[in-house]
Amino acid sequence: MRRKPVLVVTAVAAVALVAAACGASGGTSNQAGGGDATTTSADTATAASTGQFGDLKDVCGKGDLKVGDGLPGAGTDELPIGVATDRSSSVRPGLNKEMWDASVAFTDWCNDQGGIGGLKIKPVEADAGLFDVQKAMTVVCHSVFAMVGGGWAQDNLQFSGKDDSDFHKCGLVDIPGFAVSPQKSDSSGQVQPVPNPGTSVSNTFIHDYAKLYPEQSKKVAIAYADLPALTVVKEKYKAALADAGLEVVDEIPYPATGMSDWTPLAQKIIQSGEGTLMWVGEAGNVGSAISKLKEQGWKGHALLETNMYDPLLFSQGPDAVEGSVVRQTVYPIEEAGKWPATQQYLDNLKKYVPDAKVAPLGVQSTSAWLLFATAANACGKANKGVLERTCILEQAAKQKDWTGGGLHAPQDPAAFSEQESSPCSMLLLVKNGKFERLYPEIGGTGDDADGFHCPKDGVTKVPANAGMGVVEPGAKI
């Protein structure tokens, strides 16, 4: 893992957080973050108008790139790209809406600059509604050049084995906003900007939490949504907890659709004798569960993953989740004034998607689009101006210390056989209805990558998940 030197970026002239942003401070808006914003900083606006995103130059602009013969987009000035979503889910309406919003904002911004090498991006939504991935795949199977910036909660279902709905049979490639199952995470034909392989997991946030809360962390209960992909995530946490010397006292499944009454689950968690609850699922459910736990007199702590940095966490009010600790791998919106790329992400949303939801997966989606654009430009230079699918994956996999222009901790995208989780993370604390940085302090102990803690031993191997990726015979990437 190559680390960037500690560098606190000078705050841009005027902090322009999304107007009326109150989602991450306990409100009901779609926006997350804190602070009022009415203007865009001059520095960010100048960069945006020249095709620059964060510290990435010439991301988008005019040019003469073209799509290879026989591929969707060939012979046109458009680049059709599929975006996987679950927005229409009846179980959780708007699930991962932030990824579609981020995709629209990026593509509109990029097209305003001239597109990717002159090719205007045409985003095509593949909405699975959580349970119908095969149907979503038929929408994009032979009509898009690539998949970028999206993700399905049940992404293992994209390997149907059918000609019109199987990822590999459709000849697709993917730079996803996230991957969940080991079948997808370790599959061929994709490169992740924030790798989440099935065979390794970061343990940094667990070690850091244990040092901050030595008594509460001794015994841990894991509650997890009863879906195959999320059961695998639970197993990864177990491995990381064991690596940190912490005892898992119970593993408690709950329906992925949620519960009308969380009391039985809350009582079972309390009966386990845990001091810490880890949650595998989504923010709305954990908010409801923790609220019920506190009604039952629970005195424990919640240690939550990065997707819980979401307005839905406060669905039962800010007091319900007070004191929760949230792992983060992207810069929090509350610090946007320190990180120009984060500010640009917010500015683009405000301009192009005024009702956007702001959340970490939206940042990861933006990073995926930036990786795709960077790889496409490099592919064009290496391939006489012609974009081919494998060429783009090869160029994406060459990136090292990838931060999405400064959106998140350093990552090393790689081919499926070489990818590894990043050790980098930070911890946020929910306090008085807001998120605030807990560890590391910027420039303080443990800050070894621009506000992230990245220890050399911060990754745990999970050999039990080896060989689960869906890999095309003979594939190298």
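Whatever comes next refers back to the structure up there.
Residues numbered from 1 in each chain as written. Predicted model: local features only at pLDDT ≥ 70, side-chain atom pairs only at ≥ 80, totals over all residues. Heavy atoms only, no water.

Caption draft 1: Broad picture of the pattern of salt bridges. The final tally for this structure, using the stated rule, is 14 salt bridges. Across the pair Glu125 and Arg87 runs a salt bridge, and its minimum N-O distance is 2.7 Å. In this pair, Glu125 sits in strand E3 (residues 120-127) while Arg87 sits in the loop between strand E2 (78-85) and helix H2 (97-113), placing the two residues 38 residues apart along the sequence. What emerges from the salt-bridge pattern is a single network uniting Lys234, Glu235, Lys238 and Glu251. (Salt bridge = Lys/Arg side-chain N within 4 Å of Asp/Glu carboxyl O. Helix = DSSP H or I, 4+ residues; strand = E, 2+ residues; numbered from the N terminus.)

Caption draft 2: The layout of surface pockets, seen in detail. Quantified by volume, the second largest pocket comes out at close to 310 Å³. The wall of the second largest pocket is formed by 16 residues, among which Asp58, Val59, Asn377, Ala378 and Lys381 lie closest to the centre. Tallied by class, residues from the lining of the second largest pocket come to five nonpolar, six polar and five charged. (1 Å grid on protein atoms, 1.4 Å probe; cavity = no way out; pocket = protein on both sides within 12 Å on 5 of 7 lines; lining within 4 Å. Points joined across faces, edges and corners; volume = space filled by probe spheres on them. Nonpolar A, V, L, I, M, F, W, Y, C, P; charged D, E, K, R; others polar.)

Caption draft 3: Molecular detail of unusual backbone geometry. Cis peptide bonds are those with omega within 30 degrees of zero, and the linkage from Tyr439 to Pro440 qualifies with -5°. In this structure, Pro440 sits in the loop between strand E14 (434-439) and strand E15 (459-461). Non-glycine residue Lys384 carries a positive phi angle of around 55°. Even without glycine at this site, Asn432 takes up a positive phi of about 55°. Along the polypeptide, Asn432 turns up in the loop between strand E13 (426-431) and E14. The class of Asn432 is exposed, set by a relative accessible area of 63%. (Buried < 20%, exposed > 50% of the residue type's maximum accessible area, 1.4 Å probe, protein only.)

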